[in-house]
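# Chains, contacts and geometry: an overview
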Amino acid sequence: MDPGWFLLFLFLIIEIILVTLLCLPMPSNDIRGTITSFVINIWDNKQVQYFVYFLLVVDVLYFYFVFNALLNPLYDIGILSPVEMGISCEQKQDLFYNERNAYITGGSLFLFFVLNRLVDIQEKLHQTRKRVKSFSSDKLDDNVGDVGGDAETKKEK
């Protein structure tokens with residue numbers, strides 16, 4: 001396998017793992033916060049950002065060349081040539097190779113945008129649940145104090 005395709009394949013696998021990890025149901029908000037902050041801390045590293053952007057540029061270039069090959073499959077395998085011939089197994093294999101590579105590059109580009117949005121959504125969900133939990137615990141503490149206060153005022157009357 002070409003080293004560029006292998007690198008893009010590994011990038012796709014890492015994206016799949018991170019998206020799956022962020023989509024899993026979490027038993028508590030603390031675990032959600034830990035996982036989300038882990039992914040955000042990885043992304044905040046400048047070297048990781050530059051490497052990911054580099055891989056995205058390579059991914060877009062590979063996607064362009066693969067998509068171009070898929071747009072003109074008849075020309076690439078020689079059907080539009082003046083010599084009449086059937087499609088051989090090797091030519092079918094090349095078409096399959098281009099389709100597979102189109103799935104790898106297209107899926108990787110799509111998952112990059114899904115991952116960015118998913119991290120944003122998970123971070124907002126974690127912060128909102130934390131706020132609601134602190135608000136509900138404050139409200140519960142106030143209600144307990146009010147109940148006790150009402151009982152004491154009733155005894156005084």
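Residues numbered from 1 in each chain as written. Predicted model: local features only at pLDDT ≥ 70, side-chain atom pairs only at ≥ 80, totals over all residues. Heavy atoms only, no water.

## Quick notes on the packing of helix α2 (residues 29-44) against helix α3 (residues 46-71)
Note the cut-off: Interaxial angles span 0 to 180 degrees and are taken between N-to-C directions of axes, which are lines fitted to C-alpha atoms, for helices over the stretch in contact. Think of it this way: any DSSP run of H or I at least four residues long counts as a helix, any run of E at least two long counts as a strand, and we number them from the N terminus. Geometric relationships in this document are graded by angle, where less than 35 degrees denotes roughly parallel, more than 145 denotes roughly antiparallel, 65 to 115 denotes roughly perpendicular, and other angles denote oblique. Residue contacts are counted whenever heavy atoms from the two residues lie within 4.5 Å of one another. Gly is put with the polar residues, along with every residue not named as nonpolar or charged; the nonpolar set is Ala, Val, Leu, Ile, Met, Phe, Trp, Tyr, Cys and Pro, and the charged set is Asp, Glu, Lys and Arg.
For the pair α2 and α3, the least separation of the axes is 5 Å and the interaxial angle reads 80°. Compared by their axis directions, α2 and α3 come out roughly perpendicular. Contacts from Ile42, Trp43 and Asp44 in α2 reach Lys46, Val48, Gln49, Val52 and Tyr53 in α3. A breakdown of the residues in the contact of α2 with α3 according to their chemical character gives 5 nonpolar, 1 polar and 2 charged.

## Describing the confidence of the model for the chain
Filter applied, for reference: Per-residue confidence from the predictor is reported as pLDDT, a score between 0 and 100.
Residues with a pLDDT of 70 or more make up 78% of the chain, whose mean pLDDT is 81. Here helix α4 (residues 73-77) stands out as the element of the chain with the lowest mean pLDDT, 58, in contrast to helix α1 (residues 3-23), whose mean of 91 is the highest. Overall, residues 147-155 carries pLDDT values under 50, and its contacts beyond four positions in sequence, including any with other chains, amount to 0 contacts.

## A few points about α3
Heads up, the condition is: For a helix, the expected span equals 1.5 Å multiplied by the number of residues minus one. Summary of the burial criterion: residues with accessible area below 20% of their type's maximum are buried, those above 50% are exposed, and those between are partly exposed, where the area comes from a 1.4 Å probe applied to protein chains only. Within 3.5 Å is the distance limit for a polar contact, defined as a pair of N or O atoms, with the added protein rule that one can donate a hydrogen and the other accept it, and that residues adjacent in sequence qualify only through two side-chain atoms.
Taking 1.5 Å as the rise per residue, α3 with 26 residues should run 38 Å; its terminal C-alpha atoms sit 37 Å apart, in good agreement. Within α3, the full set of buried residues consists of Gln49, Val52, Leu55, Leu56, Val58, Asp59, Val66 and Ala69. Of the residues that open α3, the one with a side-chain oxygen 3.3 Å from the backbone nitrogen of Gln47 is Asn45.

## Here's the deal with the pattern of salt bridges
So the rule is basically this: Any carboxyl oxygen of Asp or Glu within 4 Å of a side-chain nitrogen of Lys or Arg constitutes a salt bridge here.
As enumerated under the stated definition, the model contains 2 salt bridges in all. Linking Asp120 and Lys124 is a salt bridge whose minimum nitrogen-to-oxygen distance equals 3.4 Å. Note that Asp120 and Lys124 are positioned in helix α5 (residues 89-156) at a spacing of 4 residues, about one turn of the helix. In this structure, a network of salt bridges that share partners links the residues Arg117, Asp120 and Lys124.

## Comments concerning the packing of aromatic side chains
Pairs of aromatic rings are described using the distance from one ring centre to the other and the angle between the two planes. To keep things clear, this is the line we draw: Planes of paired rings set the category: under 30 degrees apart is stacked, over 60 is edge-to-face and the rest tilted, where pairs are Phe, Tyr or Trp rings (Trp by its six-membered ring) whose centres lie within 6.5 Å.
Applying the stated criterion across every chain, the model contains 6 aromatic pairs. Ring plane angle 70° and centroid distance 4.6 Å describe the contact between Trp5 and Tyr62, whose orientation is recorded as edge-to-face. Placement of Trp5 in helix α1 and of Tyr62 in helix α3 is noted, with a sequence separation of 57 residues between them. Here Trp5 falls in the buried class, since its relative accessible area comes to 7%. With relative accessibility at 23%, the residue Tyr62 sits in the partly exposed group. Plain terms: the ring middles of Tyr64 and Phe65 are 5.4 Å apart, the flat faces sit at 65° to each other, and that makes the pair edge-to-face. Residue Tyr64 shares its accessibility class with Phe65, and that shared class is exposed. A network of ring pairs unites the aromatic residues Trp43, Tyr53, Phe112 and Phe113 as a single cluster.

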